[in-house]
Amino acid sequence: MAVPSVQLATSEDLAVLAARDRLEIIHGSIVERASPSAEHSAGSAKLGGILHPFHRRAGGGQPGGWWLHVEVHCAYGKHETVCHDAAGWRRDRVPTRPTGWPVAIRPDWVCEIVSPRHERRDFVDKLEILRQAEVPHYWLIHPEEQMLLVHRWGKDGYVTVLSAGAGKVVRAEPFDAIEIHVDELFGGDPED
């Protein structure tokens, strides 16, 4: 008896679907992204505000030096198209703003805000995809657990270089030029 062959999905398959913005390709399978909770949305908005000083040219006393995008699909090879909550490219490596759908240029930093019942996708599947693509920095923000994890890529894989919870103030690479009140990543204010 012949075993039916499984055809792995590509970004071209995803591009023709009406709901492509709500879908990803993980290990060749089209999967639905998690619907963001209010906590996820608040954290995403705060993250954009916190990192805004980096989203410009470097110099003039400002950190700068990055292209930052939110809700951006990035292609990692033929059978991996991931929609990241946030991703960034160093301007010294990528002098013009990454464009297109999906973006074909590997990011220098990726951040996922973990959604309930999708932990495996962020902690295992995406980590493996990004490791293979040699993405230098991978952040995981977990609103339910009130936790920030910062990973740095190395030839042997990712190493966790920072683990911080609510109430902490940290400098998290690659954006360690500023202090981050970890509570803000969960949608809070430093004064709360």
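Preceding this section is the structure that the text describes.
This text gives an overview of the structure that appears in the document. (Residues numbered from 1 in each chain as written. Predicted model: local features only at pLDDT ≥ 70, side-chain atom pairs only at ≥ 80, totals over all residues. Heavy atoms only, no water.)

**Side note on the overall build of the chain**
Piece 1. From N to C terminus, the chain includes three helices and 10 strands.
Piece 2. Its helices and strands in sequence order give the chain the pattern α-β-β-α-β-β-β-α-β-β-β-β-β, from N to C terminus.
Piece 3. Expected size for 192 residues packed as a compact globule is a radius of gyration near 16 Å; at 17 Å, the chain falls within 12% of this value.
Piece 4. C-alpha extents for the chain along the principal axes are approximately 65 × 35 × 35 Å.
Piece 5. The buried share of the chain, reckoned over its 192 residues, is 46%.
Piece 6. When contacts within the chain are restricted to residue pairs at least 6 apart in sequence, those whose partners lie at least 24 apart make up 50%. (Helix = DSSP H or I, 4+ residues; strand = E, 2+ residues; numbered from the N terminus. Rg over C-alpha atoms; globule rule 2.2 N^0.38 Å. Buried < 20%, exposed > 50% of the residue type's maximum accessible area, 1.4 Å probe, protein only. Contact = heavy atoms within 4.5 Å.)

**Brief notes about the side chain of H73**
Piece 1. One can find H73 in strand β3 (residues 66–75).
Piece 2. One polar contact links H73 to W101, side chain to side chain, over a distance of 3.3 Å.
Piece 3. Excluding anything up to four places from it in sequence, H73 contacts L14, R20, D21, L23, T81, V82, C83, W101, P102 and V103. (Polar contact = N/O pair within 3.5 Å; in protein donor to acceptor, adjacent residues only side chain to side chain.)

**Considerations on the pairing of strand β8 (residues 157–165)**
Piece 1. Relative to β8, strand β7 (residues 147–154) runs antiparallel, the two sharing eight bridges. Looking across to β8, one finds that L148 is bridged to A164.
Piece 2. In sequence, β7 turns back onto β8 through a hairpin of two residues. (Pairing = 2+ DSSP bridges.)

**Remarks on helix α3 (residues 119–133)**
Piece 1. Compared with the 21 Å implied by 1.5 Å per residue over 15 residues, the 20 Å span of α3 between its first and last C-alpha is a close match.
Piece 2. Largest kink in α3: about 35 degrees, centred on L127.
Piece 3. Listing the buried residues of α3 in full gives R121, D122, D125, K126, I129 and L130.
Piece 4. Those residues of α3 hidden inside the fold are in contact with β1 (23–26), β2 (29–32), β4 (81–90), β5 (109–113), β6 (137–142) and β8.
Piece 5. Of the residues trailing α3, E134 is marked for its positive phi of about 60 degrees. (Expected span 1.5 Å × (residues − 1). Bend = angle between axes of the 7 residues up to and from the residue.)

**Focus: the pairing of β6**
Piece 1. With respect to burial, β6 is a largely interior element, six of its six residues being buried.
Piece 2. Where β5 meets β6, five bridges bridge the pair, whose relative direction is parallel. Within β6, the position partnered with E112 by the bridge is L140.
Piece 3. Running through α3, the crossover from β5 to the neighbouring parallel element β6 is right-handed.
Piece 4. Inspection of the sheet shows β6 paired to β7 by six bridges, in the antiparallel sense. Each bridged residue has a counterpart across the sheet, and for Y138 the counterpart in β7 is H151.
Piece 5. Here β6 folds back onto β7 in antiparallel fashion, the turn holding four residues, of which Q146 has a positive phi close to 55 degrees. (Right-handed = clockwise from strand over helix to strand, strands pointing away.)

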